[in-house]
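Residue-level listing of the chains:
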Amino acid sequence: MALLPAAAVMPHVKAGKLRALAVASPARSPSLPDIPTLAESGLPNIKGDAWIGLIAPANTPSSIINTLHENVLQILAEPAVQSRLRTQYMDPVGNSQADFSKLLQEDLARWKQVVEQNHIKLD
C-alpha cells in the first residue's frame, strides 16, 4: 500500500497492475469519480491532498495580487488548460484568496502538530 500522486499510479491502475483503494482528499476527485475517499472507506481522520498555488511576497500591492488572481482564473477557465490538467489527474480550483489563505493556515496547523508529535527536526 502507498499514498502516491494519482498521475504516478493511474497508468498502473488502468493497466490492471494496481488497484486504487481511495483518494486522500476530503471529497471525491472529479478526475477520479469512481474512487472513494478515505473517509468513505472508514478512515475519516486522514487527509493528504496535494495542491499547487501561487503565492506572492509579503506587502505585494493588492492591485497586483488582484490582477494575478484574475489572470489565473482566466487561464484555469480555458478548456485546453482544464483538459491538460485533468490528463494529469489534477482538478483546477481557482478559489478565492481568502479560501486559499484558509487552506494554507489549516495545512500549517495540521502539519505542525505532526512535526511536534513526532519530534521531527531539520538537520
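Above: the structure in question.
First, a word on scope: everything that follows refers to the structure included in this document. Note that the coordinates shown come from a computational prediction; the quantities given were computed from them, not determined experimentally.

The next point concerns the side chain of Ser31. Within the secondary structure, Ser31 sits in the loop between helix 1 (6–14) and helix 2 (62–77). A relative accessible area of 17% means that Ser31 is categorised as buried. Filtering out sequence-adjacent residues up to four positions away, Ser31 remains in contact with Arg86, Tyr89, Met90 and Asp91.

Moving on, we come to the nonpolar core. Counting residues in hydrophobic clusters, the biggest one holds six residues: Ala6, Met10, Val23, Leu32, Ile35 and Tyr89. Those residues within four positions of Tyr89 in sequence are excluded, and the remaining contacts are Ala6, Ala7, Met10, Lys14, Ser31 and Leu32.

The backbone phi angle of Asn59 is positive, close to 70°, even though this residue is not glycine. Its place among the elements puts Asn59 in the loop between helix 1 and helix 2. According to the relative accessible area criterion, Asn59 is exposed, its value standing at 79%. In this structure, His119 is a non-glycine residue whose phi angle is positive, near 55°. Mapped onto the elements, His119 comes out in the segment after helix 4 (97–117).

Rules and cut-offs
- Residues numbered from 1 in each chain as written.
- Predicted model: local features only at pLDDT ≥ 70, side-chain atom pairs only at ≥ 80, totals over all residues.
- Heavy atoms only, no water.
- Helix = DSSP H or I, 4+ residues; strand = E, 2+ residues; numbered from the N terminus.
- Buried < 20%, exposed > 50% of the residue type's maximum accessible area, 1.4 Å probe, protein only.
- Contact = heavy atoms within 4.5 Å.
- Core = buried A, V, L, I, M, F, W, Y, C linked by side-chain atoms within 4.5 Å.

Interpretation in functional terms is not warranted from these geometric data alone.
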